[in-house]
Amino acid sequence: MSSQKLIITGFSLVLVMILSCQSVHSQLRVGFYSHSCVFAEFIVKDEVKKSFFANPGVAAGLLRMHFHDCFVRGCDASVLIDSTASNTAEKDSPPNNPSLRGFEVIDNAKARLEAVCKGVVSCADILAFAARDSIELSGGLGYDIPAGRRDGRVSLASEALTNLPPPAFNLDQLTQICRKRFDTRRNGAHTVGRSHCTSFSDRLYNFNGTSSQDPILDPMYAAQLKQQCPQGSTNPNSVVPMNPSSPVIADTGYYIDVQANRGLFMSDHSLLSSTATANQVHQYARNPFLWSSEFAAAMVKMGQIKVLTGSAGEIRSNCRVINN
């Protein structure tokens, strides 16, 4: 399955998941670097393009990384910080390790930006730009990024565990974690390009402790998953693509699959558990442009969650390390 469809799947889920959250406000603005570092967005896009053409799967990784950053301490690039002898950072928490990827793209962009605009462009803005570029390269709508984020100085693995919703969450749990952690609007976005078998194997072999298959799953889809994820397999690298249809183009096939009980996680199927979200699933399935435009708006909103601006935080010279 191509990276285009992998990107759409996870983001489609959270676009609907956060529909009941409230508005977000920030001091970010479009064109923030138009005078201080005029080529900032071009340089980031160039690095994303180079990596995308070498490995299209990196786009899904960058989108997921942006989501996992924003949903922990806000969009402050804390997910990029390396662990130290005295601290285990977010990137090494189970929700992120070993599944997060694309760090080298951010590193390369940051190195180029430091060479031409030293100490100007934040890692948090680089990550937001890279997520946008990944969407556009994968066939989605482009959009303007309000920038001016600054980088956080704290990264704790424990906070990733408590703030990132697991795949087994139902709709009520997804909505509660959104409302509890953030002040966002009726939009949001998330990416999980691919999934390890261990994240959903209970639905195939031990649903609700019954040693049987989840009866909601489409039987043919379940059989396909069992071939990809054999029972008892201990291979930590076993992964499957998120969406069983439309593998080449960035479209709304995800919603069609959810309607047909081919959602990989219980959280996918939970979108049909309320009238409001079920109606949105049906609308997006019928109207690709509606989904594309709301998806772009959702990314802008998500990118403003609890941002640091002004004199807060710092501008890291190395995205992996807090400044001395």
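All values derive from a computational prediction rather than experimental measurement. Numbering of residues begins from 1 in every chain and follows the order in which that chain's sequence is written. In keeping with the model being predicted, local features are shown solely for residues with a pLDDT of at least 70 and side-chain atom pairs are shown and tallied solely at 80 or more, while totals for entire chains, interfaces and linings include all residues. The basis for every side-chain value is the complete set of non-hydrogen atoms in the structure, without hydrogens or water.

Thoughts on the overall build of the protein
So the rule is basically this: Elements are defined by DSSP. Helices are runs of H or I of four residues or more, strands are runs of E of two residues or more, and each kind is numbered from the N terminus. Note on classification: 1.4 Å probe, protein chains only; a residue is buried when its accessible area is under 20% of the maximum for its type, exposed when over 50%, partly exposed between these limits. By definition in these notes, contact holds between two residues if any of their heavy atoms fall within 4.5 Å. Working definition of accessibility: Shrake-Rupley area with a 1.4 Å probe, residue cover restricted to the visible protein chains.
Looking only at helices and strands, the protein has 13 helices and four strands in total. Relative to its 324 residues, the protein shows a buried fraction of 52%. Pairs at least 24 residues apart make up 78% of the contacts formed inside the protein by residues separated by at least 6 positions. Only carbon and sulfur atoms are counted for the fraction: they give 52% of the accessible area of the protein, which is about 13,700 Å².

Remarks on unusual backbone geometry
Note the cis peptide between N97 and P98, where omega equals 20°. Inspection of the secondary structure assignment puts P98 in the loop between α3 (58-73) and α4 (103-116). The backbone of A77 shows a phi angle near 65°, a positive value even though the residue is not glycine. Following the sequence through the fold, A77 ends up in the loop between α3 and α4. The backbone of N261 shows a phi angle near 60°, a positive value even though the residue is not glycine.

Brief notes about the confidence of the model for the protein
As a reminder of what qualifies: As a per-residue measure, pLDDT tells how confident the predictor is, with possible values from 0 to 100.
Per-residue confidence for the protein gives a mean pLDDT of 81; residues scoring 70 or more make up 80%. Across residues 180-192 the pLDDT falls below 50, and counting only partners more than four positions away or on other chains, this stretch makes 67 contacts in the model.

Let's talk about the state of the cysteines
Here is the rule: Throughout, a disulfide means two cysteine sulfur atoms within 2.5 Å of one another.
Tallied over the full model, the rule gives four disulfides. What pairs with C123 in a disulfide is C319, and their sulfur atoms sit 2.1 Å apart. On the sign convention where negative is left-handed, the bridge of C123 and C319, at about -100° about the S-S bond, is left-handed. One end of the pair, C123, is in helix α5 (residues 123-137); the other, C319, is in the segment after α13 (288-302), with 196 residues separating them in the sequence. Under the relative-accessibility criterion, C319 is labelled buried at 2%. Each sulfur of the disulfide joining C197 and C229 lies 2.0 Å from the other. Between C197 and C229 the disulfide shows an S-S torsion of about -65°. By sign, it is left-handed. Of this pair, C197 sits in the loop between β3 (194-196) and α8 (202-205) while C229 sits in the loop between α9 (219-228) and β4 (239-241), and the two are 32 residues apart along the sequence. Accessibility assignment for this pair places C197 and C229 in one class, buried.

Topic: the nonpolar core
The test is simple: Only buried residues count toward a nonpolar core, which is a set of Ala, Val, Leu, Ile, Met, Phe, Trp, Tyr and Cys residues joined through side-chain atoms within 4.5 Å.
By size, the foremost hydrophobic cluster in this structure holds 59 residues, and its most contacted members are V44, L62, M65, L80, I106 and L113. Broken down by secondary-structure element, the contributors of at least two residues to this core are α2 (40-54), α3, α4, α5, α10 (253-259), α12 (275-286) and α13. Ignoring sequence-local partners within four residues, the contact set of I106 consists of L62, M65, L80, I126, L127, A130 and C319. Ranked by size, the runner-up nonpolar core spans 12 residues in total, among them C197, L225, C229 and F265.

Considerations on the side chain of R101
Under the convention used in this document: For this count, His and the chain ends are skipped, Lys and Arg are scored as positive, and Asp and Glu as negative. Counted as salt bridges are all cases of a side-chain nitrogen of Lys or Arg within 4 Å of a carboxyl oxygen of Asp or Glu. Whenever two N or O atoms come within 3.5 Å, that pair is a polar contact, provided that in protein one can donate a hydrogen and the other can accept it, and provided that, for residues adjacent in sequence, both atoms are side-chain atoms.
With respect to the helices, strands and loops of the structure, R101 is situated in the loop between α3 and α4. In this structure R101 is buried but unpaired, with E104 as the nearest side chain of opposite charge at 8.5 Å. Polar side-chain contacts of R101 include one of 3.3 Å to the backbone oxygen of G57.

What to know about the packing of aromatic side chains
Our working rule: We call Phe, Tyr and Trp rings a pair once their centres come within 6.5 Å, taking the six-membered ring for Trp, and we label the pair stacked below 30 degrees between planes, edge-to-face above 60, and tilted otherwise. For a lysine, the NZ atom is tested; for an arginine, the CZ atom; a charge sits over a ring if that atom is within 6 Å of the ring centre and within 35 degrees of the ring normal.
Overall, the coordinates contain six aromatic pairs when judged by the stated rule. Taking the centre distance of 5.0 Å and the plane angle of 85° together, the rings of F32 and Y33 count as edge-to-face. Taking relative accessible area as the criterion, F32 reaches 31% and is therefore assigned partly exposed. On the accessibility criterion, Y33 (4% relative accessible area) is buried. One aromatic cluster is present, formed by F32, Y33 and F129 through successive ring pairs. The lysine or arginine in question, K91, covers the ring of F103, its NZ or CZ lying 4.2 Å from the ring centre.

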